[in-house]
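Now for the letters of each chain:
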Amino acid sequence: MQILSGESPLSAPAAPPARLPVSVLTGFLGSGKTTLLQALLRNPAMARTAIVINEFGEVGLDHLLVAKASENMVLMDSGCLCCTIRGDLVDTLRDLFLKRVKGEIPEFDRVVVETTGLADPAPIIHTLMSDPLLAARFRLDGVIATVDAAHGSLQLDRQPESVKQAAVADRIVLTKTDVATPAATAALMQRLAAINPAAPIIPAAHGEVDPNRLFDAGLYNPETKSPDVARWLREEAYRDEQAKAHGHHDHGHHEHDHDHGHDHSHDHDHEHGDHCGPDCGHDHHHDANRHDDHIRAFCMVIDRPIPWNGFVDFMEALIAQAGENLLRVKGLLNVQESELPVVVHGVQHMFHPPVRLEEWPSDDHRTKLVFITRDLGQPVIEPLFNGLVWGEGK
Ligand SMILES: Nc1nc2c(ncn2[C@@H]2O[C@H](COP(=O)(O)OP(=O)(O)OP(=O)(O)O)[C@@H](O)[C@H]2O)c(=O)[nH]1
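About the criteria used
Residues numbered from 1 in each chain as written. Predicted model: local features only at pLDDT ≥ 70, side-chain atom pairs only at ≥ 80, totals over all residues. Heavy atoms only, no water. Buried < 20%, exposed > 50% of the residue type's maximum accessible area, 1.4 Å probe, protein only. Helix = DSSP H or I, 4+ residues; strand = E, 2+ residues; numbered from the N terminus. Near = heavy atom within 4 Å. Polar contact = N/O pair within 3.5 Å; in protein donor to acceptor, adjacent residues only side chain to side chain. Nonpolar A, V, L, I, M, F, W, Y, C, P; charged D, E, K, R; others polar. UniProt positions renumbered as here; feature names shortened; annotations may be inferred. Phe/Tyr/Trp six-rings, centres within 6.5 Å; stacked < 30°, edge-to-face > 60°. Lys NZ or Arg CZ within 6 Å of the ring centre and 35° of its normal.

**Student:** An account of unusual backbone geometry is requested, with residue identities and associated values reported.
**Tutor:** If you check the backbone angles, Lys176 has positive phi at about 60 degrees while not being a glycine. In this structure Lys176 comes out as partly exposed when scored by relative accessible area, which is 28%. In this structure, Asp375 takes a positive phi of about 55 degrees despite not being glycine. On the secondary structure map, Asp375 appears in the loop between β15 (367-374) and α12 (378-390).

**Student:** Give a description of the site of the ligand that names residues and reports values.
**Tutor:** Looking at the ligand, there are 14 residues lining it, with Lys33, Thr34, Thr35, Asp178 and His206 nearest. Here an oxygen atom of the ligand sits 3.0 Å away from a polar atom, N or O, in the main chain of Gly32. Interatomic distance of 2.7 Å between a side-chain N/O atom of Thr34 and an oxygen atom of the ligand. For the shell around the ligand, the element with the most residues is helix α1 (residues 33-41), which contributes 3 residues. Of the residues assigned to the shell around the ligand, the class counts are 4 nonpolar, 6 polar and 4 charged.

**Student:** I'd like a rundown of the environment of Asn43, residues and numbers included.
**Tutor:** As for its placement among the helices and strands, Asn43 is situated in the loop between α1 and β2 (49-54). Taking C-alpha positions, Asn43 is 24 Å from Leu219, a pair spaced 176 residues apart along the chain. A distance of 2.8 Å separates the side chain of Asn43 from the backbone nitrogen of Ala45, its partner in a polar contact.

**Student:** Before we move on, can you summarise the UniProt feature "domain: CobW C-terminal" (unreviewed entry) in the chain with the specific residues and values?
**Tutor:** In this structure's numbering, the residues bearing the UniProt feature "domain: CobW C-terminal" (unreviewed entry) are residues 295-389. End-to-end, the C-alpha atoms of residues 295-389 are 25 Å apart, and along that stretch the chain is 28% helix and 36% strand.

**Student:** Before we move on, can you summarise the packing of aromatic side chains with the specific residues and values?
**Tutor:** This model, assessed by the stated rule, comprises 6 aromatic pairs. Arranged with centres 5.8 Å apart and planes meeting at 75 degrees, the rings of Phe97 and Phe138 form a pair that is edge-to-face. Of this pair, Phe97 sits in helix α3 (residues 86-102) while Phe138 sits in strand β5 (residues 138-148); the two residues are 41 residues apart in sequence, bridging distant segments of the chain. These aromatic residues form a ring-pair network of at least three members: Trp308, Phe311, Phe314, Phe385 and Trp390. Over the aromatic face of Phe108 sits the side chain of Arg100, whose NZ or CZ is 5.3 Å from the ring centroid. Over the face of the ring belonging to Trp390 we find Arg304, whose NZ or CZ atom lies 3.7 Å from the ring centre.

If you want it as structure tokens, here you go:
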């Protein structure tokens, strides 16, 4: 983990919020990304937005629609954005930035990158985080995923990409609610909340959504220009979802890092269809191959300040062992070396540089780490944390 190691949170300045926000718009094939984008671009609040799309798939249609809506559009001219042309994304964003500086295109203060329906959003996030020039000029604002209210359930059943898109999202737009039954919409919302407890789920018909509900999903509140950790981390959503999965019994076991041996989070490493315990939290009335059963979303709360180097060791070990399955990690850390809190944020193998905040967001000074993972539960992660951070079990 090249980014976290060697960086002490004591020397890391708070990241300036001045960089241009980039939102990644993802969602399964035909789930309504273009329709959403079209509707958004009709909104005057979106006038200063550059759109990056690619020509993969429904080429002419996407091109035509976006070209009509935005002058400062850059069309990617080859292949799939995520897998084969990340370099193009770097070039495209650099080019956009340069043209903006030179006055060759209208000023813009936001970028939306639309992915193809089968795309994995993680490589795009990586591109934004890892290219030094891009990282200096752009920042990830958030991932917006469209999920089709009418067909989303089937897609989640059958398409692991659609589960991953929903799992890594900061905002989920439930599209086509005009054609889905209220019962199907409600069931899908429940299912999405279990996959990704912290992402607000916004129902929409024909892409009509208030842009304020989709953008500015990052750490910085654009109005106050200061970090808004509670809004960004939403750790309480994970705990609510965990409580729900346990039949509303709050054992308090996620509150204490010392509470091992008391495992209620039930890491289902078995194939689905194996015998679960009576209180396993699984919904047993579903298709046997649901991909979302591989997704875990949980929060660890740690009472005492943690040694920064121990935390780095832990994250490095976790990434080395299972980085691909760490879909999203966010944390507010109380580290021994600093009175001030440190924010960390990672997607799979990549971590943002840690950010030291100038003050605690509330009186609660406990460390909070939220995880969205695939086939990697709290019973695996917690002992690794305790071993590498506290030296337990050595
Ligand atoms: N009734 C209804 N139809 C919708 C809605 N959103 C999208 N559609 C229709 O669904 C189809 C696919 O929508 P698109 O916006 O092209 O979806 P997309 O995700 O961009 O599709 P790809 O780029 O092919 O992955 C189109 O025929 C849209 O008109 C909606 O809210 N309600």
